[in-house]
Amino acid sequence: AKNAGRRTHRFFAPAMEAAVQSRRSLKQDLRNAVDAGEFSLVYQPIIALETNEPVAVEALLRWWRAGRGEIPPSVFIPIVEEMGLIGTLGEWVLREACATAAGWPRAITLGVNLSPLQFRKHGFVLDVVNALRHAGLPANRLDLEVTESALLARDVATRVALHELHDLGIRLSLDDFGTGYSSLQSLRSFPFDKIKIDMSFVRDISMDADSAAIIRAVIRLARDLGMKTAAEGVETRAQRDWLARQGCTEGQGYWFSKPISAAELHTLLAQPRRA
Ligand code: C2E
Ligand code: CA
Ligand code: CA
Ligand code: CA
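Quick summary incoming for the structure in this document. (Residues numbered from 1 in each chain as written. Chains lettered and ligands numbered in written order. Predicted model: local features only at pLDDT ≥ 70, side-chain atom pairs only at ≥ 80, totals over all residues. Heavy atoms only, no water.)

### Notes on the site of ligand 1
(1) Moving on: By nearness alone, 21 residues border ligand 1, and Q44, R62, N113, E235 and Y254 come closest of all.
(2) Moving on: Within the backbone of S115, one N or O atom sits 3.5 Å away from a nitrogen atom of ligand 1.
(3) Moving on: When ligand 1 is considered free in solution it has 790 Å² of accessible area, and contact with the protein chains removes 80% of it.
(4) Moving on: Among the elements of the structure, β2 (54-65), α2 (73-82) and β6 (171-177) are those that each provide at least two residues to the shell around ligand 1.
(5) Moving on: Counting residues per element, the shell around ligand 1 draws most heavily on β2, at four residues.
(6) Moving on: Taken together, the residues of the shell around ligand 1 break down into ten nonpolar, five polar and six charged. (Near = heavy atom within 4 Å. Polar contact = N/O pair within 3.5 Å; in protein donor to acceptor, adjacent residues only side chain to side chain. Areas by Shrake-Rupley, 256 points an atom, 1.4 Å probe, with all protein chains shown as cover. Helix = DSSP H or I, 4+ residues; strand = E, 2+ residues; numbered from the N terminus. Nonpolar A, V, L, I, M, F, W, Y, C, P; charged D, E, K, R; others polar.)

And the structure:
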């Protein structure tokens, strides 16, 4: 067993070494990415299921890494957080998205994702207010999307920050609902306006009666609490129709639109309403 262990070690060492190396160079590149202008935002419309019109747009971060192509946020955001750079990057996202949204031909809502770590930053509320003021975007057009893990710590600073933001008229959404911990406690402790139902439930509605039952219950719960619901990852007509029948207020996903560039979104919003 000892020998096998040593062999395993020797076998894996080069691969591990390579992984450490590539992580190191990833960090180096991330450190320069903001200055190099390698980050950009794409925008995905969120559609009111009753009217089929966009009521909001979510900003999603993209990193085009020189020589390597696009790296998904699920890969680089955890590393940016670990490096302590999410505050800087998050502030860039907020300012860039608010400035873009202020120029949209329709006064719809802008959704921006927040990392849990951003709340811990001293003066975070003021950063948000300054971004809005700088862009000339009214507070009620900004919707901050927070995941349940963000609230896990349930520290006083987070709770105070969320209430302050909400008192300013900024909207709050509970993102990825159903995938985190203590969801119901979060709903009671924080002033959310909207629940975003995670796409893992939406994907399974036609095959899995349990997923369908859970979504129905969440929609009902949100309605009773006076909150809106947005279903994520809507990819088919059947999913859209089923969600609309259940009383889900909004849908987001490839069925309506993939995330698109600021210019493409502008063109889309400039088109006359269908109704
Ligand atoms: P999220 O907030 O849940 O964003 C929705 C994700 O689902 C996006 O992935 C979007 O491109 C994808 N999506 C939308 N419609 C569909 C669909 O119909 N089918 C499928 N399969 N996927 C769909 P993306 O852009 O890769 O972002 C992944 C995650 O990265 C986001 O999940 C969010 O947690 C995080 N993220 C993105 N931008 C930011 C940001 O600016 N700040 C922070 N802190 N996190 C961000
Ligand atoms: Ca989100
Ligand atoms: Ca989500
Ligand atoms: Ca997610």
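### Digging into the pairing of β2
(1) Moving on: Among the twelve residues of β2, ten are classified as buried, and the element is accordingly described as predominantly covered.
(2) Moving on: Where strand β1 (residues 39-48) meets β2, nine bridges bridge the pair, whose relative direction is antiparallel. If you follow I46 over to β2, its bridge partner there is A56.
(3) Moving on: Hairpin connection, β1 to β2: the antiparallel pair is bridged by five residues, and N52 has positive phi, about 65 degrees.
(4) Moving on: Inspection of the sheet shows β2 paired to strand β4 (residues 109-113) by four bridges, in the parallel sense. Bridging across to β4, V57 finds its partner in L110.
(5) Moving on: In the sheet, β2 pairs with strand β3 (residues 69-71) via three bridges, with the strands oriented antiparallel. Across the sheet, the residue bridging to W63 is I71, located in β3. (Buried < 20%, exposed > 50% of the residue type's maximum accessible area, 1.4 Å probe, protein only. Pairing = 2+ DSSP bridges.)

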